[in-house]
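Observations on chain architecture
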Amino acid sequence: MKHHNITFIGGGNMGKSLIKGIINAGYPTEKITVSTPFAEEVAKLKETFGINGTTSNPEAAKEADIVVMAVKPQMMHDVLTEFSGSGIDFSNKLIISIMAGVTTSRIAELVPGLTRIVRVMPNTPALIGLGMAGLYPAAGATEDDRVFAEELLSCCGKTVWVQSEEGIDNITALSGSAPAYFFLFMECMAEKAKEYGFSEEQARTILEQVALGSAQMVIKNQDKTIAELREAVTSKGGTTYEALKVFNESNLMETVSKALDACKNRAEEMSKQF
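Before going into details, it helps to say that this report is about the structure given with it. (Residues numbered from 1 in each chain as written. Predicted model: local features only at pLDDT ≥ 70, side-chain atom pairs only at ≥ 80, totals over all residues. Heavy atoms only, no water.)

Scanning the protein chain from terminus to terminus reveals 12 helices and 8 strands. On the principal axes, the C-alpha backbone points of the protein chain span a range of 70 × 40 × 35 Å. Considering only intrachain contacts with a sequence separation of at least 6, the fraction spanning at least 24 residues in the protein chain is 62%. Accessible surface for the protein chain amounts to roughly 15,600 Å². Of this, 55% is attributable to carbon and sulfur atoms. Computed over 26 positive and 34 negative side-chain charges, the separation of the two mean positions in the protein chain equals 2 Å. (Helix = DSSP H or I, 4+ residues; strand = E, 2+ residues; numbered from the N terminus. Contact = heavy atoms within 4.5 Å. Areas by Shrake-Rupley, 256 points an atom, 1.4 Å probe, with all protein chains shown as cover. Lys, Arg positive; Asp, Glu negative; His and termini not counted. Charge placed at Lys NZ, Arg CZ, Asp CG, Glu CD.)

Put into structure tokens, the structure is as follows:
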């Protein structure tokens, strides 16, 4: 990864995970700046990571080659209009946006001269280096911009490029929100485990290991489809078969499809709000 001057606007969980990821990958801390509105938070981030920090967004962005927008979408308008009123030339800067629901055209509209934008939809496992991020480059993004954005997000997990900006809504449904789907399933199983007499600690240990083992089975058997892995655990007339029969009779496939569509539709709605 090339070592540009990079500024993070926002020092929340996702901003911190990206900062931690690039530092672990060898990025020089003197080239990293973070901006948040709270002086005590800036001080803590500077102490934790050894980076530069400020409470002024324009000050943080002025000398940056790359600006990572890691704020809530509700804050987007105020931050970007602050940039546009600062007199800073954004024509030679790249903005990487991880703001949910904010389109690249909306960002460009609020920051005169800005053309280089890459929009990203990460997910929370990025906090532990196991994220899955979807990326979309605006028309003005260069090949170098694409490479940098991909390398940045790869410090916290894996990446995939989508072919159109609408694809960001798809990746939101498939990975951005997906950790919650798995957590919900585990939560349901944990409640049943307690009914069976297991302690909360025992239930969590069981489910942690089952989830980890199942994910590793998928990762380590690339020659098999996920359906084939499921079938390998399912003997007709056996215990697993009976459990899966209940899921199928409850139209689990249709329920999952409807849930993902609901997530995607909400993402589309949000893009019209900001």
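And the narrative resumes.
With that settled, the discussion passes to the side chain of asparagine 57. Tracing the backbone shows asparagine 57 in helix α3 (residues 57-62). At a separation of 2.7 Å, a polar atom in the side chain of asparagine 57 contacts the side chain of serine 35. (Polar contact = N/O pair within 3.5 Å; in protein donor to acceptor, adjacent residues only side chain to side chain.)

Taken in spatial order, the 8 strands make up an open sheet running β3-β2-β1-β4-β5-β6-β7-β8, and their pairing is mixed. Edge positions in the sheet fall to β3 (52-54) and β8 (157-161), since each of these pairs with one other strand and no more. Put simply, the sheet's adjacent strands are angled 20° from each other on average, direction ignored. Here strand β1 (residues 6-9) runs beside strand β2 (residues 32-35); their pairing, made up of 4 bridges, is parallel. When the bridges of β2 are listed, phenylalanine 8 appears paired with valine 34. Where helix α4 (residues 76-84) meets the sheet, it contacts β1 and β4 (66-69), and its direction lies at approximately 155° from that of β4. The sheet contacts of helix α6 (residues 143-154) involve β1, β4, β5 (94-97), β6 (116-121), β7 (131-137) and β8, and relative to β8 the element is tilted by about 145°. (Pairing = 2+ DSSP bridges. Axes fitted to C-alpha atoms, helices over the stretch in contact; angles between N-to-C directions.)

Each pocket or cavity is described by its volume, and for the second largest pocket that value is around 680 Å³. As for the second largest pocket, its lining consists of 30 residues, and the residues nearest its centre are Gly12, Met14, Ala70, Val71 and Lys72. Here the lining of the second largest pocket gets 3 residues from one element, more than from any other, and that element is helix α1 (residues 13-24). In terms of residue class, the lining of the second largest pocket is built from 16 nonpolar, 12 polar and 2 charged. (1 Å grid on protein atoms, 1.4 Å probe; cavity = no way out; pocket = protein on both sides within 12 Å on 5 of 7 lines; lining within 4 Å. Points joined across faces, edges and corners; volume = space filled by probe spheres on them. Nonpolar A, V, L, I, M, F, W, Y, C, P; charged D, E, K, R; others polar.)

The full count for this structure, using the stated rule, is 1 cavity of 30 Å³ or more. The space that makes up the largest cavity amounts to roughly 40 Å³. Forming the walls of the largest cavity are Leu18, Pro122, Asn123, Ala126, Gly131, Met132, Ala133, Leu153, Cys156, Gly157 and Lys158. Sorting the residues of the lining of the largest cavity by element identifies β7 and β8 as the ones contributing at least two each. Counting residues per element, the lining of the largest cavity draws most heavily on β7, which supplies 3 residues. Of the residues in the lining of the largest cavity, the class split is 7 nonpolar, 3 polar and 1 charged.

For the rest of this paragraph, the subject is helix α7 (residues 166-176). Among all positions of α7, only Gly167, Ile168, Asp169, Ile171, Thr172, Ala173 and Ser175 are buried. In this fold, the buried residues of α7 make contact with β6, β7, β8, α8 (178-195) and α12 (252-270). (Buried < 20%, exposed > 50% of the residue type's maximum accessible area, 1.4 Å probe, protein only.)

Another aspect to go through is the environment of glutamate 151. Along the chain, glutamate 151 falls in helix α6. Look past the residues within four positions of glutamate 151 in its chain and what remains in contact with it is Met1 and Lys2. There is a polar contact of 3.5 Å between the side chain of glutamate 151 and the backbone nitrogen of methionine 1.

With that settled, consider the environment of isoleucine 98. Considering the arrangement of structural elements, one finds isoleucine 98 in the loop between β5 and α5 (104-110). For the pair isoleucine 98 and asparagine 123, spaced 25 residues apart in sequence, the C-alpha to C-alpha distance is 9.9 Å. Each residue touching isoleucine 98, except ones within four places of it in the same chain, is listed here: Met14, Leu18, Met69, Ala70, Val120 and Pro122.

Turning to the state of the cysteines, a few remarks are in order. Taken as a whole, this structure holds 0 disulfides when the rule is applied. Looking at cysteine 155, it has no disulfide partner, and the nearest cysteine sulfur is the one in cysteine 156, 6.3 Å off. Sulfur of cysteine 188: no disulfide; nearest cysteine sulfur belongs to cysteine 263 and is 18 Å away. (Disulfide = S-S within 2.5 Å.)

Membership of the largest hydrophobic core comes to 30 residues, with the highest contact counts inside it found for Ile6, Phe8, Val68, Ile96, Val118, Val120 and Leu152. Apart from residues no more than four positions distant in its own chain, valine 118 is found in contact with Leu94, Ile95, Ile96, Ser97, Leu135, Tyr136, Pro137, Ala141, Asp145, Ala149 and Trp161. Listed in part, the 22 residues of the second largest apolar core include Ile9, Leu80, Ile107 and Val111. (Core = buried A, V, L, I, M, F, W, Y, C linked by side-chain atoms within 4.5 Å.)

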